[in-house]
Structure formats: C-alpha cells, structure tokens
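As a plain string of letters, each chain reads:
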Amino acid sequence: MKELTGEKLEKELERLKQMRSYEDTYPGMVVCGIDEAGRGPLAGPVVAGAVILPADCQILYLNDSKKLSEKKRELLFHEIKEKAVSYGIGIVGPGQIDEINILQATYEAMRQAIGQLKVKPQILLNDAVTIPLAEGIQVPIVKGDAKSVSIAAASILAKVTRDQMMTEYDTLFPEYGFGKHKGYGTAAHIQALKDHGPCPIHRRSFIKNFVESKN
C-alpha cells in the first residue's frame, strides 16, 4: 500500500484516533470487536470475525471492509492477524442457516469466533447486535465497522475469509459465477439459478422466489 507522509499521514492518524474512541472508553480492559460478512447472499456461509487489538495498535487504512478495495482488504487481513492480541473466525454453512435462520446463524458464527480467542474479552463491541449467550459487557454500535477500529478489523477478517471461500466454491460450481458476486443475488446469479437449479451451497430458504427447491 502507498506510504503516507506529511499532511495525509496526519489526517489518517487523526481518523484512526477518532475510530479508537469506543476502545479508549474502556482503559485497561480487554476489548473485542465483532462483525460478520454474508448475511444477505443467496449462497455460501455467514462468517464472523472477533478481534482484540493492542491498546497502542496502529494499522493505517483500517476501515469498514465495504469501503476498501479487495487488494487493500487482503493486505490488511494479514496485518490484522499479525498485530492482533488474538482473533477468531466463525463460520456457519448454508445448511444450518436454513435450519435455524440467518439471524441465529449469525449469532452462532459470532459465538464461534469469540470462542476461538486465546484471551477472554471483557468488552464486546458489536456491529449493531447483541449476541445471545455471549459473556462480557456488550456494546452494540450501529455502523460500528466505520466507527471502531476493533469492529473494522473484525469486518475485514470476516469479509476476506468469506470471499476466499466463495472463490474456492467458484472452482467447484463454475456455472454460477461465485468468484464475481460471492453468492449475492445479482441478475447473473439469479439467471444461473433458473438455468441450472440450486447447488449444494445455496441457501434453500433464500431462493424460494427464484426456483423450486428440491429438498
């Protein structure tokens, strides 16, 4: 990534300082950011990330994963994993999504991610949700991935992990174009569904309006 200097570096550091305001509210406590990727697609898993960053951690360009290019997300993905105190990634597949619904599947992926942490968090900064059965003080933040460095880091881990999985699925089921749309309901994806019917990673509960699903 392009190295920042002078005024641009100062502006970026100030932006990151503002994104640490929630973390700075809990000095001396273990703060974990949590976010998910893949609640809306017609196919593939929902993936959650949980990240505990050091108090003095500085990762330039850290932001909501949706505001970053694919290349920048992948570079940050590796930097976050290197610099984090601990991180976890939870994955719930389409079969379980159909069985328990997407919201409950999202909560389950988040609990999995938290369960992988090597350090027990005291504060959970969540992107707009309160996670049932999760231990610790929970702080739901609307659009938290753009307001908290910890949630932003979790959003990047979740997004990149899921995108990598969908790219791999594209080699198994090339007729659907998963490498391009990552399972979201684009016109091309819906047309492929109508032409070929669902494949094993389609969420049957999500595609009822497009095809007759055989159970």
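One can find the structure itself at the top, above this paragraph.
Analysis parameters
- Residues numbered from 1 in each chain as written.
- Predicted model: local features only at pLDDT ≥ 70, side-chain atom pairs only at ≥ 80, totals over all residues.
- Heavy atoms only, no water.
- Pairing = 2+ DSSP bridges.
- Helix = DSSP H or I, 4+ residues; strand = E, 2+ residues; numbered from the N terminus.
- Axes fitted to C-alpha atoms, helices over the stretch in contact; angles between N-to-C directions.
- Core = buried A, V, L, I, M, F, W, Y, C linked by side-chain atoms within 4.5 Å.
- Buried < 20%, exposed > 50% of the residue type's maximum accessible area, 1.4 Å probe, protein only.

S.K.: Honestly, the sheet that holds strand β5 (residues 137-141) in this entry has me stumped. Any pointers?
M.R.: Two modes of strand pairing occur in sheets, parallel and antiparallel, and in both the strands are linked by backbone hydrogen bonds. With mixed pairing, five strands are arranged side by side in an open sheet as β3-β2-β1-β4-β5. One side of each edge strand has no neighbouring strand; the edge strands of this open sheet are β3 (86-92) and β5. Geometrically, the sheet is characterised by an average inter-axis angle of 20° between neighbouring strands, direction not taken into account. Pairing of strand β1 (residues 31-37) with strand β2 (residues 46-52) involves five bridges; the strand directions are antiparallel. Across the sheet, alanine 37 pairs through a bridge with valine 47, a residue of β2.

S.K.: In this structure, what is going on with the nonpolar core? I would like to understand it.
M.R.: A general feature of soluble globular proteins is that nonpolar side chains tend to end up buried together. Within the largest apolar cluster, 26 residues are counted, with the highest numbers of intra-cluster contacts made by Val51, Leu53, Ile59, Leu62, Leu76, Ile80 and Ile156. Listing elements by their share of this core, those giving two or more residues are β2, α3 (70-83) and α6 (149-172). Per-element accounting of this core gives the leading share, nine residues, to α6. Core analysis: the next-biggest nonpolar cluster, separate from the first, contains 20 residues, Ala50, Ile52, Ile114 and Val129 among them.

Read these as layout, nothing more, since geometry by itself doesn't imply function.
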